Amino acid sequence: MSLLISACATDNRLTPAQVELSGDGGEVNILWSAIQRPAPLPPMDHAALLLPVHFGGSEERIFYMQFDLGHPSTVFYSNKWKAIAEKYQFVNSVDKFAAVNFKLGDMQVLAKNISIVQREGDGVDWNKGSVEVIGTIGADLIDGRVVVLDLKKDIVQFAREREGLHLASSKFQPFSFSGRRIVMPVTFDGEEKTVMYDSGSSALSWISNEKTCQRLAKQDAKPVVYAIRLWDKILTAHTVETNAEAIVAGIRLPVKEISYIQDIGFLQELAISSLGSVGLVGNKFFLGKKLIIDTRKMEIALEE
């Protein structure tokens, strides 16, 4: 099972990429990857949020990048990037950094200093039917912009302004974007707290610590234990059913499942607790909803 929780698993010392959308923005369709989970957990049809990209005149070959707002910088995966750079003769690339413009759907992305990170796996399968995930689109792409994750229609919208992208009744609340981490206010377990949102974490709904999971587990519910991959590490997740609810931007949401990750390490636990005092939420928590993130006005809203 592959799961990216970049808030606690990646090296934040990567050189910041220079990535921006050219023009006012647009929208792009989401492709979800799927995984099986151990019984009694149901299969996860929304395991990773992938967006289509292509390079210059190579429209005939669509690649995908994971949209990971838990990661501050856009990166390419070395095993994929080497094959792509050779195929399209990209000369403005070295072993550690890439400078190449590409298209996200129909939108032009201007990019410099994209870090090339080591990943396991093969190069590109040039069969047009294969789904090739070549990198991660990070929170740098939305810095100073508005992004709408419409997890009802399975589209992502990018814009300079949020007008026309939300209902008049939407309740916008301030959030923190320090270090390009999305930390939002939430009412959880009857208290006003904050939680970090990581769109790179889809298979888990709510990640907290062991003590909280045990306290909020349904009566007689038994945790399901399984392996997860966090970039280059294999760790163990413990997931249990819960009746807990949370309120985000005036919308009440059932948590349904709460998890903790064994052996994640003291520093990673400290990072999560400092960014979001009650943990981290993934895409599963917002399925069927529309999340609007405005990094210009530093406000966030949620629609049913």
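Quick caveat: nothing in here was measured; it's all calculated off a predicted structure.

Enquirer: Go over the overall build of the chain, please, and point to the residues and values.
Expert: Across its full length, the chain holds four helices and 25 strands. Looking at the chain residue by residue over its 304 residues, the buried ones come to 54%. Long-range contacts, defined as pairs at least 24 residues apart, comprise 71% of the intrachain contacts of the chain with a sequence gap of at least 6.

Enquirer: An account of the sheet that holds strand β2 (residues 26-29) is requested, with residue identities and associated values reported.
Expert: Within the open sheet, the six strands sit side by side as β2-β13-β12-β24-β25-β14. Their pairing is antiparallel. The outermost strands of the open sheet, each flanked by one partner alone, are β2 and β14 (173-174). Bridging between strand β24 (residues 290-294) and strand β25 (residues 299-303) involves five bridges; their strand directions are antiparallel. In the sheet register, Lys-290 faces β25, and the bridge partner there is Glu-303.

Enquirer: Residues and numbers for the pairing of strand β20 (residues 245-248), please.
Expert: On β20, burial follows the alternation: Ala-246 and Val-248 on one face are buried, whereas Glu-245 and Ile-247 on the facing-out side are not. Judged from the two bridges that link them, strand β15 (residues 182-188) and β20 form a sheet pairing that is antiparallel. Considered in β20, the bridge of Phe-188 is made with Ala-246. Here β20 runs beside strand β21 (residues 251-254); their pairing, made up of four bridges, is antiparallel.

Enquirer: I'd like to hear about helix α2 (residues 78-88), residue by residue, with values.
Expert: The periodicity of an α-helix, 3.6 residues per turn, causes residues three or four places apart in sequence to face the same way. Those residues of α2 that fall on the buried side of the exposure criterion are Ser-78, Asn-79, Lys-80, Trp-81, Ala-83, Ile-84 and Ala-85. Gln-89 occupies a position one or two residues after α2 and carries a positive phi of about 55°.

Enquirer: Could you give an account of the environment of Asn-127, naming the residues involved and the relevant values?
Expert: The topology assignment puts Asn-127 in the loop between β10 (114-117) and β11 (133-137). Using a relative accessible area of 49% as the deciding quantity, one classes Asn-127 as partly exposed. Between the C-alpha atom of Asn-127 and that of Arg-61, which follows or precedes it by 66 residues, the distance is 9.1 Å.

Enquirer: Any chance you could break down the nonpolar core for me, citing the residues and the numbers?
Expert: Here is a general trend for soluble globular proteins: nonpolar side chains tend to be buried in one another's company. The biggest cluster of nonpolar side chains holds 67 residues, and the ones touching the most others in it are Phe-67, Phe-158, Trp-206 and Phe-286. Residues within four places of Phe-67 in sequence aside, it is in contact with Leu-49, Leu-51, Ile-137, Ile-142, Val-147, Leu-149, Val-156, Phe-158, Ser-199 and Gly-200. Within the second largest apolar cluster, 11 residues are counted, among which are Met-196, Ile-207, Val-224 and Leu-235.

Enquirer: Can you explain the side chain of Arg-162? Please cite residues and give values.
Expert: Along the polypeptide, Arg-162 turns up in the loop between β13 (155-159) and β14. In this structure, Arg-162 is in contact with Val-146, Phe-172, Asp-294, Lys-297 and Glu-299, ignoring residues within four places of it in sequence.

Enquirer: An account of the pattern of salt bridges is needed here, citing residue identities and associated values.
Expert: All told, the structure shown has 13 salt bridges when counted by the stated rule. Linking Asp-24 and Arg-160 is a salt bridge whose minimum nitrogen-to-oxygen distance equals 3.2 Å. One end of the pair, Asp-24, is in the loop between β1 (18-22) and β2; the other, Arg-160, is in the loop between β13 and β14, with 136 residues separating them in the sequence. Overall, Asp-24 belongs to the exposed group, its relative accessible area being 57%. Judged by its relative accessible area of 40%, Arg-160 is partly exposed. Sharing partners across several salt bridges, the network here consists of Arg-162, Asp-294 and Glu-299.

Calculation notes
Note on numbering: residues in each chain are counted from 1, in written sequence order. With the structure being a predicted model, the display of local features is reserved for residues of pLDDT at least 70 and the display and counting of side-chain atom pairs for 80 or more, all residues being used for whole-chain, interface and lining totals. Based on all heavy atoms of the structure, the side-chain values leave hydrogens and waters out of the count. Secondary structure is summarised from DSSP: a helix means a run of H or I of at least four residues, a strand means a run of E of at least two, and numbering begins at the N terminus for each. For every residue, the accessible area obtained with a 1.4 Å probe (protein chains only) is divided by the maximum for its type, and the residue is called buried under 20%, exposed over 50%, and partly exposed between those limits. In this description, contact between two residues means that some pair of their heavy atoms is separated by no more than 4.5 Å. Two strands are said to pair when DSSP picks up at least two bridges between them. We define a nonpolar core as any set of buried Ala, Val, Leu, Ile, Met, Phe, Trp, Tyr and Cys residues linked to one another through side-chain atoms lying within 4.5 Å. We count a salt bridge whenever a side-chain nitrogen from Lys or Arg sits within 4 Å of a carboxyl oxygen from Asp or Glu.

Everything listed here is a matter of geometry and, on its own, says nothing about what the molecule does.
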